[in-house]
Every structure is written in structure tokens, then in C-alpha cells.
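What the coordinates show
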Amino acid sequence: MVALSDATIATLVLVAVSLSFPCFLYGAWIMIDAEAVTWGVLTHHLKFIGTGLTLTTVPMLLWMVPRLFDQLAGAAAIHAFLGLQAYAMLAFGFTGIVRVFRAKLEHDLYHDYDEDVLLDEIGSDRMQFWRRRIRIGVFGYTFFWILAYVVGVSRYAIKYF
């Protein structure tokens, strides 16, 4: 088996992570543009979000994390910190996603959408709280992801150009 150079792997990682951003944008647009979030809309949205997360997470787990402690200083430490914050915000938002998903699933609003049923009425008295967690988590993930991406691209440019 042919061993790839560090620069080749870094380039492949940069391409994969760069390709994830359009997936995130289109996945977000699907939800923003939808008048009703049906099961079809949700699964279409999740195809792009899942692809984006895969394109970001797989290189992180297989290439970035194993090399982290060998280079944990300066820009690498900032890059790791920002990336960790992005995933922490994703986990924070996911706690709200689970609650909203369960409430809509219990009332069959993915298959039999009823625009007269308000999400705040079908969930617990804390539904606004869970929806706020989703917004904060998604915004936070995007914010820290972009910062980590900029630092990562800068590190790539300095190291390989």
C-alpha cells in the first residue's frame, strides 16, 4: 500500500472540511425555506447536515485528533479549542433537537402536518426553552466552526505553502 505524504493528507482533509460548509448551508436553507417541516423535509435536511458532519468529523477523528498532542501549541491549540467549542455547541443544541423531535413525533406532525397546532402547545411547558437551545446550539456551532476553519486554513497555508 502506498503511504500518502503529510501534505497530501492535509490537502484531502482541507477539501473534505471545505466541502462540508455548502452542505451545512443548504441543509439550513431547506429548513428556513420550508413552510411546514414534514418528515420528508426533515430527512432531506438531515441528508445534507449528516453529510456535512461526516465530512468534518471523520477527518477530525482519523487525522487531526491522533496528531493533536504532538503539535499542541500556538495555532494548533487555538484550532483544537475552537473545534471543541463547535462540537460542544452542537451537543448543546442537540438536547433541544431531541425534545422538539419527540414532541412532533408523538403528535404525528411529521406525517400529518397541521398548521393550526403550535409547537409550544404540544410540548412541555419548556418548549420555548428547548427551541432556544436549538437556535443557540446551531448558531454557536456555525460560529465556532467558521473560526476553527479559518485557523485551520491559515495553519495549512503556513505549513504547506
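Since we're looking at a predicted model, the values are computed, not measured.

The rules behind these values
Residues numbered from 1 in each chain as written. Predicted model: local features only at pLDDT ≥ 70, side-chain atom pairs only at ≥ 80, totals over all residues. Heavy atoms only, no water. Axes fitted to C-alpha atoms, helices over the stretch in contact; angles between N-to-C directions. Helix = DSSP H or I, 4+ residues; strand = E, 2+ residues; numbered from the N terminus. Parallel < 35°, antiparallel > 145°, perpendicular 65-115°, else oblique. Left-handed = near helix turned anticlockwise from the far one by under 90°. Contact = heavy atoms within 4.5 Å. Nonpolar A, V, L, I, M, F, W, Y, C, P; charged D, E, K, R; others polar. Salt bridge = Lys/Arg side-chain N within 4 Å of Asp/Glu carboxyl O. Buried < 20%, exposed > 50% of the residue type's maximum accessible area, 1.4 Å probe, protein only. Phe/Tyr/Trp six-rings, centres within 6.5 Å; stacked < 30°, edge-to-face > 60°. Lys NZ or Arg CZ within 6 Å of the ring centre and 35° of its normal. UniProt positions renumbered as here; feature names shortened; annotations may be inferred.

The next point concerns the packing of helix 1 (residues 6-33) against helix 5 (residues 127-160). Pairs of packed helices are described in terms of their axes, by the angle between the two and the distance that separates them. At a minimum axis distance of 11 Å, the contact between helix 1 and helix 5 shows a crossing angle of 155°. Regarding the angle of helix 1 to helix 5, the classification is roughly antiparallel. Two packed elements cross with a definite hand, and for helix 1 against helix 5 that hand is left-handed. In this structure, helix 1 uses Asp6, Ala7, Ala10, Thr11, Leu14, Val17, Ser18, Ser20, Phe21 and Phe24 to contact helix 5, whose residues at the interface are Tyr141, Trp145, Ile146, Tyr149, Val153, Tyr156, Lys159 and Tyr160. Here the residues of the contact of helix 1 with helix 5 sort into 13 nonpolar, three polar and two charged.

A side chain with one charge can pair with a side chain of the opposite charge if their charged atoms come near. Inspection of the entire model under this criterion finds two salt bridges. Arg67 serves as the salt-bridge partner of Asp6, at 2.7 Å between the closest nitrogen and oxygen. You can see Asp6 sitting in helix 1 and its partner Arg67 sitting in helix 2 (residues 39-68), a full 61 residues away along the chain. With a closest N to O distance of 3.8 Å, Asp6 and Lys159 form a salt bridge. In this pair, Asp6 sits in helix 1 while Lys159 sits in helix 5, placing the two residues 153 residues apart along the sequence. For Lys159, a relative accessible area of 46% puts it in the partly exposed group. If you follow the salt bridges from partner to partner, you end up with Asp6, Arg67 and Lys159 in one network.

Quick look at the packing of aromatic side chains now. By the definition in use, this model includes eleven aromatic pairs. Ring geometry for Phe139 against Phe143: centres 6.2 Å apart, planes inclined by 15°, an arrangement best described as stacked. Placement of both Phe139 and Phe143 in helix 5 is noted, with a separation of four residues, approximately one turn of the helix. Its relative accessible area of 43% is what places Phe143 among the partly exposed residues. An aromatic cluster is built from Phe21, Phe24, Tyr87, Tyr141, Trp145 and Tyr149, whose rings are joined through pairwise contacts. Lying across the ring of Trp130, Arg99 places its NZ or CZ 4.1 Å from the centre.

Helix 3 (residues 74-106) packs onto helix 2 with a crossing angle of 150° between their chain directions and a minimal axis gap of 13 Å. Between helix 2 and helix 3, the angle is such that the two are roughly antiparallel. When the axes of helix 2 and helix 3 are compared, the crossing they make is left-handed. Counting all contacts with helix 2, which are made through Trp39, Leu42, Leu53, Thr56, Thr57, Met60, Met64 and Leu68, the residues of helix 3 involved are Ala76, His79, Ala80, Tyr87, Leu90 and Phe101. Tallied by class, the residues present in the contact of helix 2 with helix 3 amount to eleven nonpolar, three polar and no charged.

Taking the numbering used here, the UniProt-annotated feature "transmembrane region" (unreviewed entry) corresponds to residues 12-32, 44-65, 77-101 and 136-158. Annotated as residues 12-32, this span is 100% helix and 0% strand, and its ends, taken at the C-alpha atoms, are 31 Å apart. Within the segment residues 44-65, helix and strand shares are 100% and 0% respectively, and the terminal C-alpha atoms sit 30 Å apart.

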